[in-house]
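The lines below spell out each chain.
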Amino acid sequence: MSIITVQLGQCGNQIGHEVFNAICSDVHGKHGLCSKKENESYQDTCKERFFSEEKDGVPVARAVLVDMEPKVISQTLAVAARTGYWKYDEQSYFCQKRGSGNNWANGYSAHGPKHKDVIMNLIQKEAEKCDRLSGFVIIMSMAGGTGSGLGAFVTQCLRDAFPNSSILNHVIWPYGTGEVIVQNYNSILTLSHLYRSSDALLVHENDVVHKICAQLLNIKQISFKDVNQVIAHQLGSVFQPVYTAESALHYSRSPLGDLMEALVPHPEFKMLGLRNIPQIPENSLAYSTFSWPGLIKHLRQMLIANATMEEGIDWQVRPPCPGSSIPSRHSTSKPLHFNTSIANLVILRGKDIHSADTGSFQDPALYTSWLTPQDVFNLWKTPRAFNKYEKSAALVSNSQFLLKPLDKLVGKAWNMFASKAYIHQYTKYGIEEDDFLDSFTALEQVISSYTTL
C-alpha cells in the first residue's frame, strides 16, 4: 500500500526532500547482507510505497509540496531532479508569492480557506494514482506560519476527505531558543488542532537532533541540512519495508495502519517519539562492531531513562519493582525520571536478526497498569540492512517522553498570553482569545493524561 507525503512550509519541504533521498540511497545501496530475492522484494515494496513509475523510468515521489513562497519549492524540485534516481511530479506543488509571516492564524484562517480547493485537488490526484492508499504523512514545523497554521488546516481537510485513511503528522518541535518570537503561540495552536484530526503525532525536537549531530556525528558547523538528514534517516528506519508479527512472510501491507494499531491504543494518547541506534560518523563504521544484545540493552535504557541518544544514558534509572504497592494517581513511589510507556514498537534491521531477543521490552513494569505488554509491545524486523549500518534498531514509543518539553512550552505560551503579548496579530485573522484558551485547555488535558500513567 502507498503512502502520500504532504510537505508543508520551508521546513516540511526540506525534510521531505531528505527523506526521499534517504529512501532512494537505501534502495540503491550495495548491502549484500541478504539474499537477492529478499533484496528485490524489499525494493519493490519500497517503490510501491513511496514512488509511482514514470515512462522515462525515473521514480516519481508520491508527494504534494505546499509553501506560501516559491523559493524553497523551486530549489527542492530542481535538486531532486538532478539526482537522476528520483524526482517530484512537476504538477504536484502549490506555492504563492508571499509567506505567512510566521503567523499561525495567517496560515490557518487566511491561506487555508483561500487555497483549500487547489491544495486538496492536488492531494486527490495523487491519491488516485495509488492502487491502494495506506494514508498520509504530513511533514511540518510547529514554529512558523505556513507549516503550522496551514498544516493544521490541511490535516483537518484530509480527515474530512479521507475518513478511513491513516493520518500521521510528523512535527518538528522548535529550538528552545527559537528565532520566532511567537513560536510558543504557533506551537500550542498547532498541537491542539492536530490532536483533534490526526491519528498520531510523531515528534522530532530540533534541540535533540542538533545534539546528535554535535556529539554522535562530530559535525563541527551544523547546518539545517545536517539536522534534516538525521531526521530523514530516522524516519526511513521506520517507514522502509519490514515484516510485522502478522505478516511474517511478506512485507507489511499497510505501514501506517499497522503503526497506528501498534502504538495508539487510546485516542487520548497520540504523541510518538523516535530513537535510533547506532548513529555514528561514516568514517568510524569500519572500526565499529555492534551486537544485538548490546543494541537492545542500550535502546531499552534509552526508553526508561528518556535518553535521546546512546551517549550519556542514565543507567541508574530502573523500572518500579513489581508488587511495590500499586502507586496511586499522585503517588511519589515511582522512581524519579522513569519514563512510563503506553506502547512501544522496536524495529530491527540487518543480519542475524533471528538471534535478537527483545524480551526485556515486555516487562510489565515498563507500561501503564491498565495495558498488558502482549497488547502494546510490537517487534518488526527484516534481514535487509538499512543505509550504512549492518545492524540497526529503531524504537517508536508512545510514552511520557514529551511531558517536560510540552509543559515548558505551554507555560511559556501562557505567560505571554497572560500579558496579552502579540495577541492582536492573531485576532486580525479571526483567531480570538477563546481559541487560545481552548488550546491551553486541550493541552493541559494531554499533559494530565500522560502524567497520570
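In this text, all values refer to a predicted model and were calculated from it rather than measured experimentally.

J.: Please clarify how the overall build of the protein chain should be interpreted in this entry.
T.: A tally of regular secondary structure across the protein chain gives 14 helices and 12 strands. If you line up the protein chain on its principal axes, its C-alpha atoms span 65 × 60 × 45 Å. Buried positions account for 58% of the 453 residues belonging to the protein chain. Pairs at least 24 apart in sequence give 81% of the contacts found in the protein chain among residues at least 6 apart. Averaging the positions of the 41 positive and the 43 negative side-chain charges in the protein chain gives two centres separated by 3 Å.

J.: I'm lost on the sheet that holds strand β7 (residues 166-173) in this one. Help?
T.: Consider a sheet: its strands pair through backbone hydrogen bonds, and that pairing is either parallel or antiparallel. The mixed open sheet is built from 10 strands, whose spatial order is β5-β4-β1-β6-β7-β8-β9-β12-β10-β11. Since the sheet does not close on itself, it has two edges, and those belong to β5 (93-95) and β11 (377-382), each with one partner. Direction aside, the axes of adjacent strands within the sheet are offset by 20° on average. Bridge count between β7 and strand β8 (residues 200-205): 6 bridges; the pairing is parallel. Residue pairing across strands places H170 opposite L202, the latter belonging to β8.

J.: What is the right way to read the domain arrangement of the protein chain from this model?
T.: A common way to report how large an interface is uses the accessible area buried once the components associate. Domain assignment breaks the protein chain into domain 1 (2-273), domain 2 (282-320 + 337-400) and domain 3 (404-452). For domain 1 and domain 3, the distance between their C-alpha centres works out to 26 Å. Tallying the contact residues gives 26 residues for domain 1 and 25 residues for domain 3. For the domain 1 face of the interface with domain 3, the top three residues by lost area are N184, Y185 and I188, together amounting to 30%. Taken together, domain 1 and domain 3 are joined by 10 residue pairs in polar contact (both at pLDDT 80 or more). Contributing elements (two or more residues each) for the side of domain 1 that touches domain 3: α4 (104-128) and α6 (183-197). At 10 residues, the largest contribution of residues to the side of domain 1 that touches domain 3 is made by α6. Per-class residue counts for the side of domain 1 that touches domain 3 are 14 nonpolar, 9 polar and 3 charged.

J.: Mind showing me how you'd approach the pairing of strand β6 (residues 133-141) here?
T.: Note on strand geometry: in a regular strand, side chains alternate between the two faces of the sheet. Counted residue by residue, β6 has 9 buried out of 9 residues, so it is predominantly covered. Where strand β1 (residues 2-8) meets β6, 6 bridges bridge the pair, whose relative direction is parallel. If you follow T5 over to β6, its bridge partner there is V137. The pairing of β6 with β7 spans 7 bridges and is classified as parallel. Looking at the pairing, S141 lines up with I172 of β7. One crossover worth recording links β6 to the parallel β7 by way of helix α5 (residues 146-161), and it is right-handed.

J.: I'm lost on the pattern of salt bridges in this one. Help?
T.: Any two side chains of opposite charge can pair if their charged atoms end up close together. Following the criterion strictly, the structure yields 11 salt bridges and no others. The salt bridge involving D26 is made with R384; its shortest N-O contact spans 3.1 Å. Here D26, found in helix α1 (residues 9-27), pairs with R384, found in the loop between β11 and β12 (391-399); they are 358 residues apart in sequence, far enough to count as distant. D26 gets classed as buried once you look at its relative accessible area, which sits at 0%. With a closest N to O distance of 2.8 Å, D89 and K129 form a salt bridge.

J.: I keep staring at the pairing of β7 and nothing clicks. Help me out?
T.: Burial within β7 is extensive, with 8 of its 8 residues counted as buried. Of the two faces of β7, both are covered, the one formed by S166, L168, H170 and I172 as well as the one formed by I167, N169, V171 and W173. Regarding the hand of the β-α-β motif, the stretch spanning β7, α6 and β8 is right-handed.

J.: How do you make sense of the confidence of the model for the protein chain when you look at a structure like this?
T.: Close reading of the predicted structure is inappropriate where its pLDDT is low. With 95% of its residues at a pLDDT of at least 70, the protein chain reaches an overall mean of 90. Of the regions scoring below 50 in pLDDT, residues 325-333 engages in 2 contacts with residues more than four places distant in sequence or in other chains.

J.: Explain helix α3 (residues 71-83) here, please?
T.: Spacing of three or four residues puts side chains on the same side of an α-helix, whose turn is 3.6 residues. Here α3 contains 13 residues, and its C-alpha end-to-end distance of 19 Å stays within 8% of the 18 Å for a straight helix at 1.5 Å per residue. Those residues of α3 that fall on the buried side of the exposure criterion are V72, I73, T76, L77 and A80. Viewed along the axis of α3, the buried residues span an arc of 130°, placing them on a single side of the element. Turned more than 90 degrees off the buried face of α3, the exposed positions are K71 and R82. Close packing links the buried residues of α3 with α1, β4 (63-67) and β5. Two residues or fewer after α3 comes G84, characterised by a positive phi angle close to 80°.

J.: I tried to follow the nonpolar core on my own but got confused; where do I start?
T.: Soluble, globular proteins show a tendency: their nonpolar side chains are buried together. Core analysis: the biggest nonpolar cluster contains 143 residues, and I123, L168, F239, M271 and F436 have the highest contact counts within it. Not counting chain neighbours up to four residues away, the residues in contact with L168 comprise F136, V137, I138, S198, A200, L201, L202, F239, L256, L259, M260 and L272.

Rules used in this analysis
Residues numbered from 1 in each chain as written. Predicted model: local features only at pLDDT ≥ 70, side-chain atom pairs only at ≥ 80, totals over all residues. Heavy atoms only, no water. Helix = DSSP H or I, 4+ residues; strand = E, 2+ residues; numbered from the N terminus. Buried < 20%, exposed > 50% of the residue type's maximum accessible area, 1.4 Å probe, protein only. Contact = heavy atoms within 4.5 Å. Lys, Arg positive; Asp, Glu negative; His and termini not counted. Charge placed at Lys NZ, Arg CZ, Asp CG, Glu CD. Pairing = 2+ DSSP bridges. Axes fitted to C-alpha atoms, helices over the stretch in contact; angles between N-to-C directions. Domains from an automatic or database assignment. Buried area = accessible area lost by both parts, 1.4 Å probe. Polar contact = N/O pair within 3.5 Å; in protein donor to acceptor, adjacent residues only side chain to side chain. Nonpolar A, V, L, I, M, F, W, Y, C, P; charged D, E, K, R; others polar. Right-handed = clockwise from strand over helix to strand, strands pointing away. Salt bridge = Lys/Arg side-chain N within 4 Å of Asp/Glu carboxyl O. pLDDT = per-residue confidence, 0-100. Expected span 1.5 Å × (residues − 1). Arc of directions from axis to C-beta. Core = buried A, V, L, I, M, F, W, Y, C linked by side-chain atoms within 4.5 Å.

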